[in-house]
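Observations on chain architecture
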Amino acid sequence: MTRVALLTNPTSGKGRGARGRAAALDVLRGTDLEVLDLVGRDAAEAAGLARDAVAPAGGDRVDALLVCGGDGLVHLAVQALAGTGTALGVVPAGTGNDVARYLDLPRRDPAEATHLALEALRSGRRRTIDLARSGDRWFVTVLAAGFDAVVNERANAMTRPRGQMRYNIATVAALRTFTPIRYTLDLDGEQVTLEAMMVAVGNGPSYGGGLRMTEGAVLDDGLLDVVVIGPMGKAELVRTYPRLFTGTHTTHPAYRHHRVRRVSIAAPGITTYADGERFGALPLTVECVPGALQVLAPPPTTAP
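Below or above, wherever it landed, is the structure these notes cover.

Conventions we followed
- Residues numbered from 1 in each chain as written.
- Predicted model: local features only at pLDDT ≥ 70, side-chain atom pairs only at ≥ 80, totals over all residues.
- Heavy atoms only, no water.
- Helix = DSSP H or I, 4+ residues; strand = E, 2+ residues; numbered from the N terminus.
- Rg over C-alpha atoms; globule rule 2.2 N^0.38 Å.
- Buried < 20%, exposed > 50% of the residue type's maximum accessible area, 1.4 Å probe, protein only.
- Contact = heavy atoms within 4.5 Å.
- Areas by Shrake-Rupley, 256 points an atom, 1.4 Å probe, with all protein chains shown as cover.
- Phe/Tyr/Trp six-rings, centres within 6.5 Å; stacked < 30°, edge-to-face > 60°.
- Core = buried A, V, L, I, M, F, W, Y, C linked by side-chain atoms within 4.5 Å.
- Salt bridge = Lys/Arg side-chain N within 4 Å of Asp/Glu carboxyl O.
- Axes fitted to C-alpha atoms, helices over the stretch in contact; angles between N-to-C directions.
- Parallel < 35°, antiparallel > 145°, perpendicular 65-115°, else oblique.
- Left-handed = near helix turned anticlockwise from the far one by under 90°.
- Nonpolar A, V, L, I, M, F, W, Y, C, P; charged D, E, K, R; others polar.
- Pairing = 2+ DSSP bridges.

**A closer look at the overall build of the protein**
Of the regular secondary structure elements, the protein holds eight helices and 16 strands. Taking 304 residues into account, the globule formula puts the C-alpha radius of gyration at 19 Å, and the protein, at 19 Å, falls close to it. Reported as C-alpha extents along the three principal axes, the dimensions of the protein are approximately 60 × 45 × 35 Å. For the protein, with 304 residues in total, the buried portion stands at 53%. Of the contacts made within the protein by residues no fewer than 6 positions apart, 70% connect residues no fewer than 24 positions apart. Carbon and sulfur atoms form 50% of the exposed surface of the protein, whose accessible area is close to 13300 Å².

Now the structure itself:
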């Protein structure tokens, strides 16, 4: 019997995780699949549940792991799934849902997303995509290593307010003191030293709910897209930021874009974020691992 695990973060998306889980279970329980219903009360428990489903100490592993949550839960699941051959299904229930956007999945219809995952599982039409790896950690979307990472770090240190307003306040606070960062990059062996407002490494084109920082990145080309936004005044940074949602920042004079298989980044005082999760302090090295993840999704038809 085909075994499928559904891993849920019930608190994601202001409660959408719990509602998505109920819709997904309605679909799954109407099939002949063996379904494991896994709910993680926190990140550590969810990570353990994912590992146990994909690589159990005894018994059979699941044929697919469906995650009901946002990009953070996908990030967590990928740590267990990368390189295993067990497929990932995504039931979007977060606030950003960039991975679902990449895979052309409905972001407001968890039942339909579940149906699409099951169709791909039954037909054997799995998509294979690349992942980015740094040491023993993986990510799917974008690694932020500049002003955006500084904002995330500041927001995470705040206890209130909750929600988007916390990030708005953190952005304003960071702007008051932020100055261009001096980076050393190694781009497939070519060393570059420069100052920049942001450096980002993309396996896919967007993060943060559609911020198209690494516009043009492709999930299965075997390459990482490294974007550098050079020095600019604070007012210009504020004016340029909305262009990230449309990808039109690529015409700005401060924009630079490199496609590489491997990049090393060094800069003082920066803690990076990947898939929206705290990833690690610089310096670090990121490489593309082609075909590291199988996903249950329709064949690609349009740009994400």
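From this point, the discussion proceeds with the structure in view.
**Examining the packing of aromatic side chains**
Counted by the stated rule, this structure contains three aromatic pairs. Ring centres of Phe147 and Phe178 lie 5.0 Å apart, and the angle between their planes is 75 degrees; on these two criteria the pair is classed as edge-to-face. Of the two residues, Phe147 sits in helix 6 (residues 147-156) while Phe178 sits in the loop between helix 7 (164-177) and strand 8 (181-187), which places them 31 residues apart along the sequence. Judged on exposure class, the residue Phe147 and its partner Phe178 are both buried. Aromatic side chains Tyr241 and Phe245 sit 6.5 Å apart centroid to centroid with 85 degrees between the ring planes, which places their arrangement in the edge-to-face category. The partly exposed category is assigned to Phe245, whose relative accessible area is 43%.

**Points about the nonpolar core**
Counting residues in each nonpolar core, the largest one holds 88 residues, and the members touching the most others are Leu143 and Tyr183. Discounting residues that sit within four places of it in the chain, Leu143 has contacts with Val199, Ala200, Val201, Ile265, Thr272, Tyr273, Ala274, Phe279, Leu284 and Val286. Counting residues in hydrophobic clusters, the runner-up holds 18 residues, among them Val4, Leu25, Leu33 and Cys68.

**Here we look at the pattern of salt bridges**
Scanning all chains against the criterion turns up 11 salt bridges. The partner of Glu34 in a salt bridge is Arg3, and the shortest N-O contact between them spans 3.3 Å. Taken together, the residues Glu34 in strand 2 (residues 34-39) and Arg3 in strand 1 (residues 3-8) connect sequence positions 31 residues apart. Here Arg3 falls in the buried class, since its relative accessible area comes to 15%. A salt bridge links Glu287 to Arg262; the nearest nitrogen and oxygen atoms lie 3.7 Å apart. You can see Glu287 sitting in strand 16 (residues 284-295) and its partner Arg262 sitting in strand 13 (residues 262-266), a full 25 residues away along the chain. Among the residues examined, Glu287 registers a relative accessible area of 25% and is labelled partly exposed. Note on Arg262: relative accessible area 45%, which makes it partly exposed.

**Focus on the packing of helix 1 (residues 16-28) against helix 5 (residues 110-123)**
With their axes 8 Å apart at the nearest point, helix 1 and helix 5 run at an angle of 40 degrees to one another. The angle between helix 1 and helix 5 falls in the class oblique. When you trace helix 1 past helix 5, the crossing you get is right-handed. Across the interface between the two elements, Gly20, Ala23, Ala24, Val27 and Leu28 from helix 1 touch Pro110, Ala111, Thr114, His115 and Leu118 from helix 5. Of the residues in the contact of helix 1 with helix 5, the class split is seven nonpolar, three polar and no charged.

**A few points about the sheet that holds strand 7 (residues 142-144)**
Strand order in the open sheet formed by six strands is 12-11-10-7-14-15, and the pairing between neighbours is antiparallel. Pairing within the sheet leaves two strands with one partner each, and these edge strands are strand 12 (255-260) and strand 15 (277-281). The average angle at which neighbouring strand axes cross in this sheet is 25 degrees, direction not considered. Both strand 7 and strand 14 (residues 271-274) contribute to a ladder of two bridges, which runs antiparallel. Within strand 14, the position partnered with Ala144 by the bridge is Tyr273. Where helix 6 meets the sheet, its contacts fall on strand 7, strand 10 (198-202), strand 14 and strand 15, and the angle it forms with strand 14 comes to roughly 95 degrees.

**Regarding the environment of Arg125**
Looking at the secondary structure, you find Arg125 in the loop between helix 5 and strand 5 (127-134). Sequence-distant contacts of Arg125, defined by excluding residues within four places in its chain, comprise Ala120 and Ala297.

**Observations concerning the pairing of strand 8**
Residues Ile181, Tyr183, Leu185 and Leu187 line the buried face of strand 8, whereas the alternating positions Arg182, Thr184 and Asp186 sit on a face that is not buried. Taken together, the seven bridges between strand 8 and strand 9 (residues 190-196) define a ladder with antiparallel strand orientation. Its bridge partner lying in strand 9, Leu187 is registered against Glu190. Hairpin connection between strand 8 and strand 9: a loop of two residues separates the two successive antiparallel strands, and Asp188 in this loop has a positive phi of roughly 50 degrees. Looking at chain direction, strand 8 and strand 13 are connected through four bridges and run antiparallel. Along strand 13, the bridge assignment pairs Leu185 with Ile265.

So, to be careful, I would describe these as geometric facts and stop short of saying anything about function.
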